[in-house]
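# Breakdown of the fold
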Amino acid sequence: MVTQLLEKERIRTTLAKAKTLQRYADKVITLGKQGTREAWSEARGIVRTDRELHKLFTQVALRYRERPGGFTRLVRAGWRERDAAPVAFVELVDRPGELRPANPPVQRPNPLSVQAWIQQQLGQPAREPSPLLPPSVQQYLREENRIQQGRAQPVAR
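Residues numbered from 1 in each chain as written. Predicted model: local features only at pLDDT ≥ 70, side-chain atom pairs only at ≥ 80, totals over all residues. Heavy atoms only, no water.

Going by the annotation in an unreviewed UniProt entry, the name recorded for the chain is Mitochondrial ribosomal protein L17, with Chlamydomonas schloesseri given as the source organism. Quoted verbatim from the Sequence similarities (unreviewed entry) heading of the UniProt record, the comment on the chain is "Belongs to the bacterial ribosomal protein bL17 family." (UniProt positions renumbered as here; feature names shortened; annotations may be inferred.)

Written as structure tokens, this is what we have:
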């Protein structure tokens, strides 16, 4: 089914199969992004046709090179008429004609300036650290303020 998903980029199947397919498809696309010989041979065991394998390592890998994960979307589509089995669509995100547009990428803060990022999100200006804090903590907080303002400079110690 991964081969059909890569070929059509959206397929309709039962919910149980769709959830399993989503796991395999995300794994195969991650292999396509790696682009190594080992990744090619591992993906070859899952993708059945050479045409779709080539598409995986060229078009799909380029499309998702900036995306860290979540390459597929599962959209529930009601129940099948014959046996009332739950049905869902599995589709690749960030493609023309998708059922629902993808969420914008999340901007991750610099781990060294979490306090500065929070202040920026709240719209608060950077402030001087309290003189009651130890000197090493004061120095760290001043460094955080410099990072937030975009003028990070090495601190002489």
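Past the structure itself, the notes keep going.
Of regular secondary structure, the chain possesses six helices and three strands. For the chain, the proportion of its 157 residues judged to be buried stands at 31%. Long-range contacts, defined here as pairs at least 24 residues apart, represent 55% of the contacts in the chain between residues at least 6 apart. Surface accessibility of the chain: about 11000 Å² in total, with carbon and sulfur atoms responsible for 53%. (Helix = DSSP H or I, 4+ residues; strand = E, 2+ residues; numbered from the N terminus. Buried < 20%, exposed > 50% of the residue type's maximum accessible area, 1.4 Å probe, protein only. Contact = heavy atoms within 4.5 Å. Areas by Shrake-Rupley, 256 points an atom, 1.4 Å probe, with all protein chains shown as cover.)

Let us look at the pattern of salt bridges. Considering all chains together, one arrives at 11 salt bridges under this definition. In this structure, the salt-bridge partner of Asp-50 is Arg-44, at a minimum N-O distance of 3.3 Å. Of the charged contacts in the structure, one is a salt bridge between Arg-80 and Asp-83, with a shortest N-O distance of 2.9 Å. Overlapping salt bridges, with partners in common, bring together Arg-10, Arg-73, Glu-91 and Arg-95 in one network. (Salt bridge = Lys/Arg side-chain N within 4 Å of Asp/Glu carboxyl O.)

One open sheet holds the three strands; their spatial order is E1-E3-E2, and the pairing between them is antiparallel. A strand with exactly one partner marks an edge of an open sheet, and here the two such strands are strand E1 (10-14) and strand E2 (72-79). For this sheet the average axis-to-axis angle between neighbouring strands, irrespective of direction, equals 25°. Relative to strand E3 (residues 86-92), E1 is paired through five bridges, and the arrangement is antiparallel. In the strand pairing of E3, Arg-10 is matched with Glu-91. Against the sheet, helix H2 (residues 15-34) makes contact with E1, E2 and E3, and its axis sits at roughly 170° relative to E2, the strand it touches most. (Pairing = 2+ DSSP bridges. Axes fitted to C-alpha atoms, helices over the stretch in contact; angles between N-to-C directions.)

Here we take up the environment of Lys-33. Along the polypeptide, Lys-33 turns up in helix H2. We classify Lys-33 as partly exposed; its relative accessible area is 29%. Distance from Lys-33 to Leu-62, taken between C-alpha atoms, is 7.5 Å for residues 29 residues apart in sequence. Apart from the residues lying within four places of it in its own chain, the contact partners of Lys-33 are Ala-61, Tyr-64, Arg-65, Arg-67, Pro-68 and Phe-71. From its side chain, Lys-33 meets the backbone oxygen of Tyr-64 in a polar contact 3.3 Å long. (Polar contact = N/O pair within 3.5 Å; in protein donor to acceptor, adjacent residues only side chain to side chain.)

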